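In case you want the letters, here they are:
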Amino acid sequence: MSDTDAVDPEEVRHVAGLARVDLDEAEVERFAEQFGDILTYFDALDDVPAVDQEADLANVFRADEVHEGLTQEEALRNAPETEDGRFKGPRVG
Amino acid sequence: MAAQDHEEAPGEGRLVPDGFDDDHGAFLTVERLAGADDGPLGGSTVAVKDNISTAGVRTTCGSAMLADYVPPYDATVVEQLQEAGATVVGKTNMDEFGMGTTTETSAFGPTDNPAAPGRVPGGSSGGSAAAVAAGQADYALGSDTGGSIRCPAAFCGVVGIKPTYGLVSRYGLVAYANSLEQIGPLAPDVEGAAELLDVIAGPDERDATTRHDIREDLAEEYDGEHPATTATYADAADGDVDGLSVGVVTDLVEGADDVVVERFESALDDLRAAGATVHEVSLPSVETAVQAYYVIAMSEASSNLARFDGVRYGRSGGHEGDWNETFARAREQGFGEEVKRRILLGTYALSAGYHDKYYEQAQDARAWVKQDFDEAFADADVLASPTMPAPPFELGESLSDPLQMYLADANTVPVNLANLPAISVPAGETDRGPVGLQLVGPAFGEETIIRAGSALE
């Protein structure tokens, strides 16, 4: 595909921000090029006919009973950092 | 054979003991988890894909993000294996979070194809298929979101089954695209794959998307009988296809490599000789199946993988800056390029202004595929196509162009979009490696595809 199909690198940076994924400049450039090809390919979805969708689904509930869950120690075991039995994260804003 | 020295086995960060024979690099972690003393799988060994949780044994999903993640609980299927007497022998290599068709997007390096050295084993369950093909395990578990069991089964010359959505519990499977994926068996032959399916099929109160019609408290809501209790899948591997009606999906044959079509046609002759009738069918909707699959899978992935924040588990982004900055840094460092690509494209497809164009239209395309399959099963017991349009690619061949890699999934993704069961069985060899034949059945029609597949052995 030609370069004219490439996505604007600024748009790649914007989406990466929404997705909370930092990218380096080389990745931004590569993705801008590739996303152009891939999104152009997705355009074929414009021609899909309307089809009746009948979902054959039933809700599944369980009884509201207390079950054993993870212990606090098990839940924290994979956390990179903990403090006083809690997950330790970065400051919010 | 690419008789690599063990010390040169590909990939850093694997936990494979010295002296353990893993020339092809099928395993990421080798650890034995013994099962019950006896049971239907007593004395047998199973390799488990590394996105299926094993309590106390690390489960990486092929990602640097989870290189040190040790699940505190077992997936339901792992409990079922152990109750059935099987011994888990280790966790197998895979494309990172299941995102790939070659097992090359693994953060721990590639896996070589035991049936075609120097070529990819397929993906994303490439390590599982390679472990079975190399005789390192009697059976393996994989997961199939868009072909990730069937593709490596075809490329490694083994059998793989993608069960009907809802037959097997996904509890403990690290989610990539929940509406599409199922755990399923790989084995050297159809009967073996069916034996493993017998063990893992059934409802699970911890997965509300499994069919629940044998649960007593829900029995009145359903009038059917659950296939996992009324069927013994292994008994269906009897090779009896006399009178079976096979529809050949011409749309999925036309794009295939000549050497693949030759093996496919020859396998159809074998089915005819055994008493099956073969006719052609066309499914126009498969033309947009790859697009629909990738839009839906990427969208679901962008949501599912939002959980990897480096705080509760996974690679930390440190404490420099605020939440968003450290979160974005953890994900830059922890995710490989294909995972980033899919998260970004999925985020784009769901973002304001694009949701209707991509995500909604992909759902329409999915409904169209379902309708096409329903109509085709009015005149056919099973539908046949080559599993993959080409023999295994050379290692490194397909990495540079993601769109080309996505197109390789053309024959497998329609099945996931329609929630149907499918089996890949070996259909012969080429000078580039094995070829697989795919048989698709109606929903919960596993016995039919197992019976038909066993006629090709």
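Residues numbered from 1 in each chain as written. Chains lettered and ligands numbered in written order. Predicted model: local features only at pLDDT ≥ 70, side-chain atom pairs only at ≥ 80, totals over all residues. Heavy atoms only, no water.

1. Overview of the overall build of chain A
Right, so step 1: When its secondary structure is counted, chain A shows three helices and two strands.
Right, so step 2: Since a compact globule built from 93 residues should have a radius of gyration of about 12 Å, the 23 Å found for chain A marks it as more spread out than a globular shape.
Right, so step 3: Here chain A, with 93 residues, has 29% of them falling under the buried criterion.
Right, so step 4: Once local pairs closer than 6 in sequence are excluded, the contacts in chain A between residues at least 24 apart make up 36%.
Right, so step 5: Of the accessible surface of chain A, which amounts to about 6600 Å², a share of 45% is contributed by carbon and sulfur atoms.
Right, so step 6: Distance between charge centroids for chain A: 15 Å, based on 8 positive and 26 negative side chains. (Helix = DSSP H or I, 4+ residues; strand = E, 2+ residues; numbered from the N terminus. Rg over C-alpha atoms; globule rule 2.2 N^0.38 Å. Buried < 20%, exposed > 50% of the residue type's maximum accessible area, 1.4 Å probe, protein only. Contact = heavy atoms within 4.5 Å. Areas by Shrake-Rupley, 256 points an atom, 1.4 Å probe, with all protein chains shown as cover. Lys, Arg positive; Asp, Glu negative; His and termini not counted. Charge placed at Lys NZ, Arg CZ, Asp CG, Glu CD.)

2. A closer look at helix α1 (residues 9-18) of chain A
Right, so step 1: All buried positions along α1(A) are accounted for by Val12(A), Val15(A) and Ala16(A). Mapping the buried residues of α1(A) onto a view down its axis gives an arc of 105 degrees, with all of them on the same face.
Right, so step 2: Against the buried residues of α1(A) lie α2 (25-42) of chain A together with α9 (337-350) of chain B.
Right, so step 3: Structurally, the start of α1(A) carries an N-cap: the backbone nitrogen of Glu10(A) is 3.0 Å from a side-chain oxygen of Asp8(A).
Right, so step 4: In the segment just after α1(A), Arg20(A) is the residue with positive phi, at about 55 degrees. (Arc of directions from axis to C-beta. Polar contact = N/O pair within 3.5 Å; in protein donor to acceptor, adjacent residues only side chain to side chain.)

3. What to know about empty space enclosed by the protein
Right, so step 1: Applying the stated rule across the entire model yields six cavities of 30 Å³ or more.
Right, so step 2: Estimates place the volume of the largest cavity at around 80 Å³.
Right, so step 3: Considered class by class, the residues forming the lining of the largest cavity number four nonpolar, eight polar and two charged. (1 Å grid on protein atoms, 1.4 Å probe; cavity = no way out; pocket = protein on both sides within 12 Å on 5 of 7 lines; lining within 4 Å. Points joined across faces, edges and corners; volume = space filled by probe spheres on them. Nonpolar A, V, L, I, M, F, W, Y, C, P; charged D, E, K, R; others polar.)

4. What to know about the interface of chain A and chain B
Right, so step 1: On the chain B side, the residues contacting the 49 residues of chain A number 65 residues.
Right, so step 2: Buried area between chain A and chain B, summed over both chains or domains, comes out near 4900 Å², and the portion from carbon and sulfur atoms is 65%.
Right, so step 3: The largest contributions to the chain A side of the interface with chain B come from Arg20(A), Tyr41(A) and Leu45(A), which together make up 14% of the buried area.
Right, so step 4: Linking chain A to chain B there are four salt bridges.
Right, so step 5: Here Asp43(A) and Lys357(B) are joined by a salt bridge, their closest N and O atoms 2.9 Å apart.
Right, so step 6: The interface formed by chain A and chain B includes 18 residue pairs in polar contact (both at pLDDT 80 or more).
Right, so step 7: Counting only elements with at least two residues in the side of chain A that touches chain B, the list comes to α1 and α2 of chain A.
Right, so step 8: Of all the elements, α2(A) adds the most residues to the side of chain A that touches chain B, at ten residues.
Right, so step 9: Looking at the side of chain A that touches chain B residue by residue, the class counts come to 27 nonpolar, seven polar and 15 charged. (Buried area = accessible area lost by both parts, 1.4 Å probe. Salt bridge = Lys/Arg side-chain N within 4 Å of Asp/Glu carboxyl O.)

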